[in-house]
Each structure stands twice: as C-alpha cells, then as structure tokens.
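Chain and residue survey
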Amino acid sequence: MAFQLPSLPYDFSALEPVIDTQTMQIHHGKHHGGYVTNLNNAIAGKPALETKSVEALIGDLASVPEDVRTAVRNNGGGHANHSMFWQIMAPKGKGGGGEPTGDLAAAINSTFGSFADFKTRFGEAATKRFGSGWSWLVLKNGKLAIGSTANQDNPLMGEAICGLSGKPIMGLDVWEHAYYLKYQNRRPEYITNWWEVVNWTKVAEIYQAAK
Ligand code: MN
C-alpha cells in the first residue's frame, strides 16, 4: 500500500477538554483512516502515482488521470490535511497553547499587526467557511497569508483549483466531524478553544522548512 495512516503523536484523550476522546478516535481512525484507504484504492496499480508523496500528488492534480482525479483530490487532500493537523496540536500546557516565538512570531506580527489580530483573522476565516472545509495560514511568495478551502482541498492544489495557493503552515479542520460531538453547532467556541492545543513549536518548524 502506498500510504499509511500515521499514528497520533499523543493519546486519543490528550487534547481533552478542548477536543474530546471519542471525537479524536472517530476522526483519526474512521475519517482519516477512510481517506487513506480510499486514496490507496484510487491509485492502486498506477506506479507513477503510488511512488509520489501525498504533497506531490495533490500539488499536481493535472497529472492524475481524470477517472481518479476527484478521488485523489478529496482523499489525498484529506490525508495531507489531517497528517498536518495531528502534528500541529499538543496537549494543553504540555506543548499546546501559548504564543509563537522567534521568526514565526516576528512574521505574524509584521504581517497581521499582532498575534491577537492574527487569531481574529484566522478565526474569521474558519468561522465563515460555509459547510465543510479548512482555514489556513500559508506562505506565499515569502509572505504569510490567511485563507480557507472547501472540503478537503489544500492550498498546494493551487488557486485555480481551490481558490488559495501557497505552502500550508497550519490548518484548522472545521468539518462538523471535527467538533460536533462536543460543540454541536457552536463552531466559534471550538475555534476559540482550539488555540489552547496549538503546538507552536511544530508550526514554527513547518514555517522554517517552508521558507
Ligand atoms: Mn477532519
């Protein structure tokens, strides 16, 4: 099999009370697991696709045969998005929460005015994304920018396909499956609480690698 479901870097209960245990179990095992299975099924028997990284795959959808392009877009995007999402979170007070430091903090402050302003704008992108999707911090032409995508689209797919481009630095899942058991219709509360589990050390690593 080309792709595998990565293990979580913490226990299913580690993000309590911000994200509940059952949500993490279903989200990781069933939702992300499903994307991996469906992606592998879509590219099975196509060595040119099976040997690519998921980022390379979704970053060049035009080279994916048309009969499996939508499946690769949805499930490859789902695999890439969730693989990043698990990594950029950590238990509250144990790597999760607080504020970015160093180069990332400086870039956020110079681009958005302050960390508080950045959180407001990122939160607005997450709140206003109608239906299922993601909000993103991306690095585009050396500058940080905020945007959102529908479904499992990823900025690597490019502006023409998903309305956003750039290298993803951090992404927030605002599908109902990410929060509904605990928050029901209260997406803004989920977004506000989510900052308490953001792993800024990991986000900074991704930023440095993207530069
Ligand atoms: Mn999800």
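Numbering of residues starts from 1 in each chain and follows the order in which that chain's sequence is written. Under the rules for a predicted model, residues below a pLDDT of 70 receive no local features and side-chain atom pairs below 80 are neither given nor counted, while totals for whole chains, interfaces and linings still include all residues. Only hydrogens and water are set aside when side-chain values are computed; all heavy atoms of the structure are taken into account.

Here's the deal with unusual backbone geometry
Glycine aside, the phi torsion of most residues is negative, and most peptide linkages are trans. The peptide bond linking glutamate 16 to proline 17 adopts the cis configuration, its omega dihedral lying at 0°. Inspection of the secondary structure assignment puts proline 17 in the segment before helix H1 (21-43). Backbone geometry places asparagine 141, a non-glycine residue, at a positive phi of 50°. Only runs of H or I of at least four residues qualify as helices and only runs of E of at least two qualify as strands under DSSP, and these elements are numbered from the N terminus. Secondary-structure assignment places asparagine 141 in the loop between strand S1 (133-140) and strand S2 (143-150). Relative accessible area decides the class of each residue, using a 1.4 Å probe on protein chains only: under 20% of the type maximum gives buried, over 50% gives exposed, and in between gives partly exposed. Since its relative accessible area comes to 75%, asparagine 141 is described here as exposed.

Let's talk about the environment of lysine 182
Along the chain, lysine 182 turns up in helix H8 (residues 180-183). C-alpha of lysine 182 to C-alpha of alanine 71: the two residues are 111 residues apart in sequence and 30 Å apart in space. Residue contacts are defined here by distance: any two heavy atoms, one from each residue, within 4.5 Å place the two residues in contact. Ignoring any residue separated from it by four or fewer positions in sequence, one finds lysine 182 in contact with Pro17, Val18 and Asp20. From its side chain, lysine 182 meets the backbone oxygen of proline 17 in a polar contact 3.0 Å long. Polar contact is the term for a pair of N or O atoms within 3.5 Å; when the atoms are in protein, one must be able to donate a hydrogen and the other to accept it, and sequence-neighboring residues count only if both atoms are side-chain atoms.

So, the pattern of salt bridges
For this analysis, a salt bridge means a side-chain nitrogen from Lys or Arg found within 4 Å of a carboxyl oxygen belonging to Asp or Glu. By the definition in use, this model includes seven salt bridges. Notably, a salt bridge pairs lysine 140 with glutamate 159, separated by 3.2 Å at the nearest N-O pair. Residue lysine 140 is located in strand S1, and its partner glutamate 159 is located in helix H7 (residues 159-162); the two are separated by 19 residues in the primary sequence. The salt bridge partner of glutamate 189 is arginine 186, with a shortest N-O separation of 2.7 Å.

Considerations on the sheet that holds S2
When DSSP finds two or more bridges between two strands, those strands count as paired. Spatially, three strands are ordered S2-S1-S3 in an open sheet, and the strand pairing comes out antiparallel. Of all strands in the sheet, those with a lone pairing partner are S2 and strand S3 (167-173), marking the two edges. Between one strand axis and the next, the sheet turns by 20° as a mean value, whatever way the strands run. Pairing between S1 and S2: eight bridges, direction antiparallel. Within S2, the position partnered with lysine 140 by the bridge is lysine 143. Note on method: axes are straight lines fitted to C-alpha atoms, helices fitted across the in-contact stretch only, with angles between N-to-C directions ranging 0 to 180 degrees. Together, S1 and S2 form the strand contacts of helix H5 (residues 102-112), whose direction differs from that of S2 by roughly 80°.

Remarks on the coordination of the manganese ion
The protein atoms that coordinate the manganese ion are His27 (NE2), His82 (NE2), Asp173 (OD) and His177 (NE2), at distances spanning 1.9 to 2.1 Å. For Na, K and Ca the donor cutoff is 3.2 Å, while for all other metals N, O and S atoms count as donors only within 2.8 Å; water does not appear among the atoms, so some sites may look incomplete. Within one chain, the residues donating to the manganese ion are spaced in sequence as H-x54-H-x90-D-x3-H. Of this pair, histidine 27 sits in helix H1 while histidine 177 sits in the loop between S3 and H8, and the two are 150 residues apart along the sequence.

Looking at the nonpolar core
Buried residues of nine kinds, namely Ala, Val, Leu, Ile, Met, Phe, Trp, Tyr and Cys, make up a nonpolar core once their side-chain atoms join them within 4.5 Å. With 64 residues, the main nonpolar core has Phe118, Met170, Trp194 and Trp200 as its most contacted residues. Leaving out residues up to four positions away in the same chain, methionine 170 has contacts with Met84, Ile88, Phe118, Phe122, Ser135, Trp136, Leu137, Trp194, Trp195, Val198, Trp200 and Val203.

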